Amino acid sequence: MIRKITYFIAFCFLFVNLTVLRAQSKTEDGLLTIDRLYHSDEFNQERLNPIKWFNGGDSYTILEDSQTQKGAKNIEIYDIQASASKILVSAEQLIPKGHKKPLEIVNYQWSNDESKLLIFTNTQRVWRANTRGDYWLYDLKNDELRQLGKGLNSSSLMFAKFSPNQKWVAYVSDFNLYIEEVKSGEIIQLTNDGTRDIINGTFDWAYEEEFSCKDGFRWSPDGNSIAFWQLDASSIKNFLMINYTDSIYSHAIPLQYPKVGEDPSSAKVGVVNIKTAKTIWLKIPGDSKQHYIPRMQWVGSDILVQQLTRKQNDLKFWVCKSVDGSAKLLYNKMESTWIDIMNPDLSVKVRGMDDLFLTDKMKDLLFLSEKNGWKRATKISMATGKETLLSDVNYDMAAVYHFNKERNELYYCASPDNATQRYLYKLKIGKNTENEIITPSNLSGVNKYNISPNGRYAIHEHSSSNIPTSFQLISLPDHKLIKKIVSNDAYRKKVNELHLPKYEFFKVTTKEGVSMDGKILKPLNFDKTKKYPILFYVYGEPWTQTVVDSWKFGWEQLLVQKGYVIVSVDNRGTPAPKGSTWRKSIYKNIGIINANDQAAAAREILKWDFIDKERVAVWGWSGGGSMTLNLMFRFPEIYKTGLSVAFVANQIYYDNIYQERYMGLPSENLEAFIEGSPITYAKNLEGNLLLVHGTGDDNVHYQNAEALVNELIKHNKQFQIMPYPNRSHGIYEGENTTRHLYTLLTNFLVENCPPGAVDK
């Protein structure tokens, strides 16, 4: 009996311990760590592989994992009407002769007749994106695979594309333009003057970064000629970045970078005949060093060129004859601030070089104009240049997705009632214009669309602040679900196992009467009778919003679990769909009006009785890093701790296209550049400051960090700094970099702004 009792007691003790261990394990599983976020694959989301519309939009092709070639991809085709998919090109068919493994498909494109395939692989980075690599041509009819550009340098081809008749492929290599005959493989060099200074068919650093210009040539509709950009960067000064670590002697990395006040590269457009290799240059009036050419497209046998003045407040459309280069002014638009020639709304889609839509028989151009305070669709007559408003709505059209010429329907993105969200609308153009919302009301958040050429279907991307991203095939205009493509179910399950609060949205109105959107994340088991530390996440410049109702997961959730309140506010000047006055109010006021708005909003938020006014921190990256510095230096009574990453300390150090767009020319407005630069107020630092910068940052140069360090030393201000050797603006290159960075940020925040609730 005693033995049985002993066994029973031992069993109970073991059971209790196991229960405690399970509970402890479950609790630990629900807590995020730096390692879980940045040193494991635990929270990797499923991404959408490149999708290409096929059969006019009744099908699409997509990359799917091969079952026979580990790590390789098949190209599958999905027939929408038949609801069936099959392998169109297998991984085995993409094994080059003499190789054992299939090509890695980074991207691909189809010829117009869909019988041939271009595969982009072995890519290398140029500035921000991997736009240089190798191209392979696969012929589906003959089952033949061969590499393009034989004899040219490895990984040197850029932007290869079929001619409209599929007879040729054109591409750029080492700043020159080439064509290659599909049938014979004959290569013809069309330009011969390409160098680091004379850039044919692609762009310099500033054009790519600030105008999203990468692919710099276009086939004519008849396939007999190519229009291309040529940039002359010979007068652009080199900014030298120093690499100390890759050899025993340091070496300089020269970067052609036009700083504020310096002339940009001169740009012109040429039309080269593929038979004669002779180029005709378009005769566009104006000093090429005081104008930009950010967009160009074919309109029939003519070329439409968009030209911007240096200040980017005067836009001209030129229609140019390809036979002799003569140019005729079609349209001229002027503003007192700046003109957006691209979509500044990153919450909708990635910026690109989208052509303007043309109506039937190329009668009109469709253009988003900001007349009368709202960004709205207009049409510009190709005959007269007259601009006509298509719909007199009192809200912004954030972006245009698709135009159906047959039905005269324009699909666009807007959110009239909530600037943090985005929805699909349809505008029926005619005598009685109608604007109809297409996105169902239950899909609140941010909705993005890739619409098929025939306008019948779309790949719909949806997320909200509390719902992870998913992709699905839908029909239009009824928005019915046809097929789930990426559901992220495993990721959702993993995230749902965590102890995570939900994002909440609010509005804050300052004493000056400025109403701003805000986003807040409160600690789990939030107790309103306690006081919590607050961390403001800021950006605040015209390049992006932070208060958007889309999925965001990572460091903020980790900090909330530690006991921080996380808040973000969008000040005036952010690219929210709130009208031109809201967006353009920041003109010549970067670092001034946006910093004042942020501080005014913070003052109102600090009135909330659950916020500890002695534990107030702020952080941001790039423009947000600059904002962090401005807030720490200009409002030390509010912000006690700051973490500034990849910041601009002095606006004169940044590039001319961006800074002059929003600030004007320093020769006319130098006082505002000085007033808006954080370095001007560094002497006022009182709190805890961490500076982080990559020494190889080709965007915001490390020069900013050293200049600020000197100024802080001058005024005997103590701070901490972390340089990341040879890392770029994203500070991600090199083994363990991201994990190290967020460990650094977390430790600094915890040490100087302790987490957790305290009694009031």
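Residues numbered from 1 in each chain as written. Predicted model: local features only at pLDDT ≥ 70, side-chain atom pairs only at ≥ 80, totals over all residues. Heavy atoms only, no water.

1. Regarding the overall build of the protein
Logical step 1: Of the regular secondary structure elements, the protein holds 12 helices and 43 strands.
Logical step 2: For the C-alpha atoms alone, the extent of the protein along its principal axes is close to 95 × 75 × 70 Å.
Logical step 3: When burial is assessed residue by residue, the protein has 57% of its 760 residues classed as buried.
Logical step 4: Restricting to contacts in the protein with at least 6 residues of sequence separation, those with at least 24 account for 59%. (Helix = DSSP H or I, 4+ residues; strand = E, 2+ residues; numbered from the N terminus. Buried < 20%, exposed > 50% of the residue type's maximum accessible area, 1.4 Å probe, protein only. Contact = heavy atoms within 4.5 Å.)

2. Points about the sheet that holds strand β25 (residues 376-381)
Hydrogen bonds between backbone groups are what pair the strands of a sheet, and the pairing can be parallel or antiparallel.
Logical step 1: Taken together, the 3 strands give an open sheet; going across it, the order is β24-β25-β26, and neighbouring strands pair in antiparallel fashion. Bordering the open sheet on either side are β24 (364-369) and β26 (387-389), each of which pairs with just one other strand. For this sheet, the mean angle separating the axes of adjacent strands, direction not counted, is 35 degrees.
Logical step 2: Where β24 lies against β25, 6 bridges are found, and the strand directions are antiparallel. Opposite Leu 368, over in β25, you have Ala 377 as the bridge partner. (Pairing = 2+ DSSP bridges. Axes fitted to C-alpha atoms, helices over the stretch in contact; angles between N-to-C directions.)

3. Describing the layout of surface pockets
Rolled over the atoms, a probe sized like a water molecule indicates the empty space that remains.
Logical step 1: In this structure, the second largest pocket occupies an estimated 670 Å³ of space.
Logical step 2: Breaking the lining of the second largest pocket down by element, the ones donating at least two residues are β6 (116-126), β16 (238-243) and β17 (251-256).
Logical step 3: Of the residues forming the lining of the second largest pocket, the biggest block, 4 residues, is contributed by β17.
Logical step 4: Here the lining of the second largest pocket is built from residues that sort into 11 nonpolar, 7 polar and 6 charged. (1 Å grid on protein atoms, 1.4 Å probe; cavity = no way out; pocket = protein on both sides within 12 Å on 5 of 7 lines; lining within 4 Å. Points joined across faces, edges and corners; volume = space filled by probe spheres on them. Nonpolar A, V, L, I, M, F, W, Y, C, P; charged D, E, K, R; others polar.)

4. Structural notes on the sheet that holds strand β29 (residues 423-428)
Logical step 1: In space, the 4 strands of this open sheet follow the order β27-β28-β29-β30, with antiparallel pairing throughout. Across the chains shown, the open sheet's two edge strands, defined by having one partner strand only, are β27 (397-404) and β30 (434-437). Pairwise comparison of adjacent strand axes, ignoring direction, gives a mean angle of 25 degrees for this sheet.

5. Points about the nonpolar core
Logical step 1: In terms of nonpolar packing, the biggest core is built from 63 residues, with Val 305 and Phe 317 touching the most fellow members.
Logical step 2: In contact with Val 305, not counting residues within four places along its chain, are Leu 282, Ile 284, Ile 293, Arg 295, Met 296, Lys 316, Phe 317, Trp 318 and Cys 320.
Logical step 3: Counting 47 residues, the second largest nonpolar core, distinct from the first, contains Ala 576, Trp 582, Met 627 and Tyr 639. (Core = buried A, V, L, I, M, F, W, Y, C linked by side-chain atoms within 4.5 Å.)

6. Observations concerning unusual backbone geometry
Logical step 1: That bond from Leu 476 to Pro 477 is cis: its omega, 5 degrees, falls within 30 degrees of zero.
Logical step 2: Structurally, Pro 477 can be placed in the loop between β33 (467-475) and β34 (481-486).
Logical step 3: Although it is not a glycine, Asn 122 adopts a positive phi angle of roughly 50 degrees.
Logical step 4: Among the structural elements, Asn 122 can be located in strand β6.
Logical step 5: The class for Asn 122 is partly exposed, based on a relative accessible area of 39%.
Logical step 6: Positive phi, close to 65 degrees, is recorded for Gln 312, a residue that is not glycine.
Logical step 7: Along the chain, Gln 312 turns up in the loop between β21 (302-309) and β22 (314-321).

7. Quick look at the confidence of the model for the protein
It should be kept in mind that the predicted coordinates are not to be read in detail where pLDDT is low.
Logical step 1: On average, residues of the protein score 94 in pLDDT, and 95% of them are at 70 or above.
Logical step 2: Contacts for the low-pLDDT stretch residues 1-27, under 50 throughout, to residues beyond four places or in other chains number 2 contacts. (pLDDT = per-residue confidence, 0-100.)

8. Observations regarding the pairing of β25
In summary, the side chains of a regular strand alternate between the two faces of the sheet.
Logical step 1: Where burial is concerned, most of β25 is hidden: 5 out of the 6 residues are buried.
Logical step 2: Bridge count between β25 and β26: 3 bridges; the pairing is antiparallel. When the bridges of β26 are listed, Lys 379 appears paired with Thr 388.
Logical step 3: Adjacent in sequence and paired antiparallel, β25 and β26 are bridged by 5 residues, among which Gly 385 carries a positive phi angle near 80 degrees.

9. So, the packing of helix α5 (residues 555-562) against helix α12 (residues 737-752)
Logical step 1: Across the interface, α5 lies against α12 with an axial gap of 12 Å and an inter-helix angle of 30 degrees. The angle between α5 and α12 places the two elements in the roughly parallel class. Crossing of α5 against α12: the hand is right-handed. On the side of α5, the interface is formed by Trp 555, Leu 558, Leu 559 and Lys 562, while α12 contributes Tyr 742, Leu 745, Thr 746, Leu 749 and Val 750.
Logical step 2: Considered class by class, the residues forming the contact of α5 with α12 number 7 nonpolar, 1 polar and 1 charged. (Parallel < 35°, antiparallel > 145°, perpendicular 65-115°, else oblique. Left-handed = near helix turned anticlockwise from the far one by under 90°.)

10. Some words on a nonpolar patch on the surface
Logical step 1: A surface patch of nonpolar side chains, about 320 Å² in accessible area, is lined by Leu 240, Ile 242 and Tyr 244.
Logical step 2: Position of Leu 240 among the secondary structure elements: in strand β16. (Patch = residues over 30% accessible without salt bridge, like charges linked within 9 Å, V, L, I, M, F, W, Y side chains within 5 Å. Areas by Shrake-Rupley, 256 points an atom, 1.4 Å probe, with all protein chains shown as cover. Salt bridge = Lys/Arg side-chain N within 4 Å of Asp/Glu carboxyl O.)

11. Structural notes on the packing of aromatic side chains
Logical step 1: For the coordinates displayed, the defined rule picks out 37 aromatic pairs.
Logical step 2: Ring geometry for Phe 526 against Tyr 532: centres 5.2 Å apart, planes inclined by 25 degrees, an arrangement best described as stacked.
Logical step 3: Ring geometry for Trp 555 against Trp 619: centres 5.0 Å apart, planes inclined by 80 degrees, an arrangement best described as edge-to-face. With Trp 555 in helix α5 and Trp 619 in strand β39 (residues 611-621), this pair connects stretches of sequence that are 64 residues apart. An identical accessibility class is assigned to Trp 555 and Trp 619; each is buried.
Logical step 4: In this structure, Lys 268 packs its charged tip against the face of Trp 281, placed 4.1 Å from the ring centre.
Logical step 5: One Lys or Arg, Lys 578, reaches over the ring of Trp 582 and ends 4.1 Å from the middle of that ring. (Phe/Tyr/Trp six-rings, centres within 6.5 Å; stacked < 30°, edge-to-face > 60°. Lys NZ or Arg CZ within 6 Å of the ring centre and 35° of its normal.)

12. Considerations on the pairing of strand β11 (residues 176-181)
Logical step 1: With 5 of its 6 residues buried, β11 lies for the most part within the structure.
Logical step 2: Where strand β10 (residues 168-173) meets β11, 6 bridges bridge the pair, whose relative direction is antiparallel. The residue of β11 that forms the bridge with Trp 168 is Glu 181.
Logical step 3: Hairpin connection between β10 and β11: a loop of 2 residues separates the two successive antiparallel strands, and Asp 174 in this loop has a positive phi of roughly 50 degrees.
Logical step 4: Taken together, the 3 bridges between β11 and strand β12 (residues 187-189) define a ladder with antiparallel strand orientation. Looking across to β12, one finds that Glu 180 is bridged to Ile 187.
Logical step 5: Hairpin connection between β11 and β12: a loop of 5 residues separates the two successive antiparallel strands, and Gly 185 in this loop has a positive phi of roughly 85 degrees.

13. Looking at the pattern of salt bridges
Logical step 1: Within the structure shown, the criterion is met by 37 salt bridges.
Logical step 2: In the salt-bridge network here, residues are joined through shared partners; they are Lys 333, Glu 335, Glu 370, Asp 396, Arg 583 and Lys 584.

14. Side note on the side chain of Asn 571
Logical step 1: Inspection of the secondary structure assignment puts Asn 571 in the loop between β38 (565-569) and α6 (580-584).
Logical step 2: Note on Asn 571: relative accessible area 0%, which makes it buried.
Logical step 3: Not counting the four nearest positions on each side in its chain, Asn 571 is found in contact with Met 516, Gly 540, Trp 582, Asn 594, Asp 597, Gln 598 and Met 627.

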